[in-house]
Amino acid sequence: VSLSFGEFNVLENINLKIPKDKMIAIVGESGAGKSTIVDLICGLVKPSKGSIIIDGKDFQDLNINDIRSLIGFVAQDTIIFNDSIENNISLWGDDNQERISNVSRIADAEDFIIKKEEKYQTIVGDKGEKLSGGQRQRISIARELFKDPQILILDEATSALDTKTENRIKQSIESLQGSKTILAISHRISTIKNADYIYLIHNGILEEEGTFNQLYELNKRFRRMCDGQEI
């Protein structure tokens, strides 16, 4: 696919595959076009050229709401409501405590939740002000897992966190590999080191692709990014 706004090319001839139940990473510097690919997958924008195909069917022939119902989305900037932790995870839906606890464990959130006096009934304050950034992010991941999506998209989901918290969340995400289709968008190489396959986008162009070791051995842009970040 290609995407342009007037004479400005955002993406040019991007051709990639996201196999079911694999973890695919898209990396690149800020402004490379990574998040725009997510916008295309979610149907927020349409390609200027080319097609997006899911299970052999063109997006244009499918109900976009049905597609979005398969997707869980975790962004860098989390949305937390001034309500209980439980309601922030279930979004006032199913109050099955076992399910809420299960997704919290997977998201590495239960440990800090049960240490609070009110546990899952703890009111977190406006925009989650009573929680740390890492805690808000873990609740956001638990919320998306509660939806039980087939596709989990992580758009720079850990880039604002400290290294220790990032590693804990990374381990939680990697525990889902093989059970969900995971698309991880990042400019930080450390978060995608164990992905099944990696695409490197540069200035809207798919420049390199392969496994981590394959790309590192190419000794091109991906390796320079790795060495620069000292992973």
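The structure under discussion appears in the preceding block.
No experiment lies behind these values; they were computed from the predicted model shown.

**Some points on the nonpolar core**
Then, number 1: Formed by 40 residues in total, the largest nonpolar core has its most connected members in Ile 89, Ile 189, Ile 198 and Phe 222.
Then, number 2: Among the elements that make up this core, the one with the highest residue count is helix α6 (residues 133–146) (five residues).
Then, number 3: Ile 26, Ala 32, Val 38 and Phe 59 belong to the second largest nonpolar core, which has 23 residues in total.

**Considerations on helix α4 (residues 97–106)**
Residue pairs three or four apart in sequence face the same way in an α-helix, which turns once every 3.6 residues.
Then, number 1: Three or more residues of α4 are buried, namely Ile 100, Ser 101, Val 103 and Ser 104. Seen from one end, α4 has its buried residues packed into an arc of 165°, which puts them on one side.
Then, number 2: Where the residues of α4 are buried, they touch α3 (85–90), α5 (110–114) and α6.

**Description of the packing of α6 against helix α7 (residues 163–174)**
Then, number 1: Orientation of α6 relative to α7, taken along the N-to-C sense of each, is 15°, at an axis distance of 10 Å. As the angle between them shows, α6 and α7 are arranged roughly parallel. Helix-helix and strand crossings are classified by hand; for α6 and α7 the assignment is right-handed. Contacts between α6 and α7 involve Gly 134, Gln 137, Arg 138 and Ile 141 from the former and Thr 165, Arg 168 and Ile 169 from the latter.
Then, number 2: Looking at the contact of α6 with α7, its residues break down into two nonpolar, three polar and two charged.

**So, α7**
Then, number 1: Between its first and last C-alpha, α7 extends 16 Å over twelve residues, near the 16 Å set by a 1.5 Å rise per residue.
Then, number 2: Thr 165, Glu 166, Ile 169, Lys 170, Ser 172, Ile 173 and Glu 174 are the residues of α7 that are buried.

**Examining the pairing of strand β7 (residues 151–155)**
Then, number 1: Counting buried positions along β7 gives four out of five residues, so the element sits mostly inside the fold.
Then, number 2: Pairing of strand β6 (residues 71–75) with β7, which is carried by five bridges, proceeds in the parallel orientation. If you follow Phe 73 over to β7, its bridge partner there is Ile 153.
Then, number 3: Direction of pairing for β7 relative to strand β8 (residues 181–186): parallel, over a ladder of five bridges. Residue Asp 155 lies in a different strand from β8, and its bridge partner there is Ile 185.

Here is what the cut-offs are and how they apply
Residues numbered from 1 in each chain as written. Predicted model: local features only at pLDDT ≥ 70, side-chain atom pairs only at ≥ 80, totals over all residues. Heavy atoms only, no water. Core = buried A, V, L, I, M, F, W, Y, C linked by side-chain atoms within 4.5 Å. Buried < 20%, exposed > 50% of the residue type's maximum accessible area, 1.4 Å probe, protein only. Helix = DSSP H or I, 4+ residues; strand = E, 2+ residues; numbered from the N terminus. Arc of directions from axis to C-beta. Contact = heavy atoms within 4.5 Å. Axes fitted to C-alpha atoms, helices over the stretch in contact; angles between N-to-C directions. Parallel < 35°, antiparallel > 145°, perpendicular 65-115°, else oblique. Left-handed = near helix turned anticlockwise from the far one by under 90°. Nonpolar A, V, L, I, M, F, W, Y, C, P; charged D, E, K, R; others polar. Expected span 1.5 Å × (residues − 1). Pairing = 2+ DSSP bridges.

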